[in-house]
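Structural overview
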Amino acid sequence: ADNTTREKFSEIVNILPKAFQHPDIAFAQITLNGENFKTGNHRKTDQKIVADIIVLGSKVGAVEVGYIKMPPVTDDGVFSKEEKLLLDAVAERLGAIAEHGQAEENIIIERNLGMLLSATNSMQKAFKYCLEAAITVSEMDCGGIYLVDKKTGRIHTSINQAVAST
């Protein structure tokens, strides 16, 4: 419970191959929101199965398990029905973990925003704090806040923010 989402995914990817028929030649990879977690022996191969990770109805990643060399083939093929069901269940659970982790991060962002807003009297700083929080939560790289003059209908730039890419 005290582990970060990244730490949980790193542990899961290393445990997952042990649940398959041939753990000595199995590898795993979890891809989530563009971030990859993989075992040291991961490689590109056709001997793999993949399940999508879904959060709030959208695909956010995938989990795959494969073999570094061709294992003995059974009537079910390279992977058994049970292994396919297991991978689907793992993908579903990873989606729940990712969703929960995102919710926790958003709560922290909201709390920090509330503290920053309560500590300032500057409208400009308040706009800046709100925009930074919105950019972080939305995972966008820039944003802006614009004010409309009710009398003239003109739009005034209040604040623009761009996040430096890392």
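Our subject is the structure that appears above.
Residues numbered from 1 in each chain as written. Predicted model: local features only at pLDDT ≥ 70, side-chain atom pairs only at ≥ 80, totals over all residues. Heavy atoms only, no water.

1. What about the pairing of strand β4 (residues 58-67)?
- Here β4 lies mainly inside the structure; seven of its ten residues are buried.
- The pairing of strand β1 (residues 26-32) with β4 spans seven bridges and is classified as antiparallel. Across the sheet, residue Thr31 finds its bridge partner in β4, namely Ala62.
- Adjacent in sequence and paired antiparallel, strand β3 (residues 48-55) and β4 are bridged by two residues, among which Leu56 carries a positive phi angle near 50°. (Buried < 20%, exposed > 50% of the residue type's maximum accessible area, 1.4 Å probe, protein only. Helix = DSSP H or I, 4+ residues; strand = E, 2+ residues; numbered from the N terminus. Pairing = 2+ DSSP bridges.)

2. Section: the packing of helix α2 (residues 81-118) against helix α3 (residues 123-138)
- One can describe the packing of α2 onto α3 by two numbers: an axis separation of 10 Å at closest approach and a directional angle of 175°. Judged by the inter-axis angle, α2 sits roughly antiparallel to α3. On α3, the residues that touch Asn106, Ile109, Leu113, Leu116 and Leu117 of α2 are Ala126, Tyr129, Cys130, Ala133, Thr136 and Val137.
- Looking at side-chain class alone, the contact of α2 with α3 contains nine nonpolar, two polar and no charged residues. (Axes fitted to C-alpha atoms, helices over the stretch in contact; angles between N-to-C directions. Parallel < 35°, antiparallel > 145°, perpendicular 65-115°, else oblique. Contact = heavy atoms within 4.5 Å. Nonpolar A, V, L, I, M, F, W, Y, C, P; charged D, E, K, R; others polar.)

3. Comments concerning the nonpolar core
- Formed by 25 residues in total, the largest nonpolar core has its most connected members in Phe9, Leu16, Phe20, Ile30, Val63, Leu87 and Leu94.
- Within the residue set of this core, elements represented by two or more residues are α1 (5-15), β1, β3, β4 and α2.
- When residues in this core are grouped by element, the largest group, six residues, is from α2.
- Residues contacting Leu87, with those up to four places away along its chain left out, are Leu16, Phe20, Ile49, Val50, Ala51, Val63, Glu64 and Val65.
- Membership of the second largest hydrophobic core comes to five residues, among which are Phe127, Leu131, Ile145 and Ile159. (Core = buried A, V, L, I, M, F, W, Y, C linked by side-chain atoms within 4.5 Å.)

4. Here's the deal with the pattern of salt bridges
- Scanning the model with the defined rule gives three salt bridges in all.
- Here Lys48 and Glu64 are joined by a salt bridge, their closest N and O atoms 3.6 Å apart. Here the residue Lys48 occupies a position in strand β3, and Glu64 occupies one in strand β4, the gap between them amounting to 16 residues.
- Given a relative accessible area of 36%, Lys48 falls into the partly exposed group.
- Salt-bridge contacts for Lys59 lead to Asp52; the nearest nitrogen and oxygen are separated by 3.4 Å.
- With relative accessibility at 40%, the residue Asp52 sits in the partly exposed group. (Salt bridge = Lys/Arg side-chain N within 4 Å of Asp/Glu carboxyl O.)

5. Overview of the packing of aromatic side chains
- Scanning all chains against the criterion turns up three aromatic pairs.
- An angle of 55° between the planes, with centres 5.7 Å apart, marks the rings of Phe9 and Phe37 as tilted. Linking Phe9 in helix α1 with Phe37 in strand β2 (residues 35-38), this pair joins segments that are 28 residues apart in sequence.
- Judged by its relative accessible area of 0%, Phe9 is buried.
- Ring geometry for Tyr67 and Phe79: centres 5.1 Å apart, planes at 10°, overall stacked. Placement of Tyr67 in strand β4 and of Phe79 in the loop between β4 and α2 is noted, with a sequence separation of twelve residues between them.
- Judged by its relative accessible area of 4%, Phe79 is buried.
- Joined through ring pairs, the aromatic side chains of Phe20, Tyr67 and Phe79 make up one cluster. (Phe/Tyr/Trp six-rings, centres within 6.5 Å; stacked < 30°, edge-to-face > 60°.)

6. As for the side chain of Glu64
- Look at Glu64 and you get buried, because its relative accessible area is 8%.
- Polar side-chain contacts of Glu64 include one of 3.0 Å to the side chain of His42.
- Excluding residues that lie within four positions of it along the chain, Glu64 makes contacts with Phe27, Ala28, Gln29, His42, Lys48, Ile49, Val50 and Leu87. (Polar contact = N/O pair within 3.5 Å; in protein donor to acceptor, adjacent residues only side chain to side chain.)

7. As for the sheet that holds β3
- The strand order β2-β1-β4-β3 describes an open sheet built from four strands, whose pairing is antiparallel. Both outer strands of the open sheet, β2 and β3, are each paired with one neighbouring strand and no more. On average, each strand axis in the sheet is inclined to that of its neighbour by 15°, with strand direction left out of account.
- Most of the contacts of α2 go to β3, to which it runs at about 30°, and overall it touches β1, β3 and β4.

All we've got here are geometric facts, nothing functional implied.
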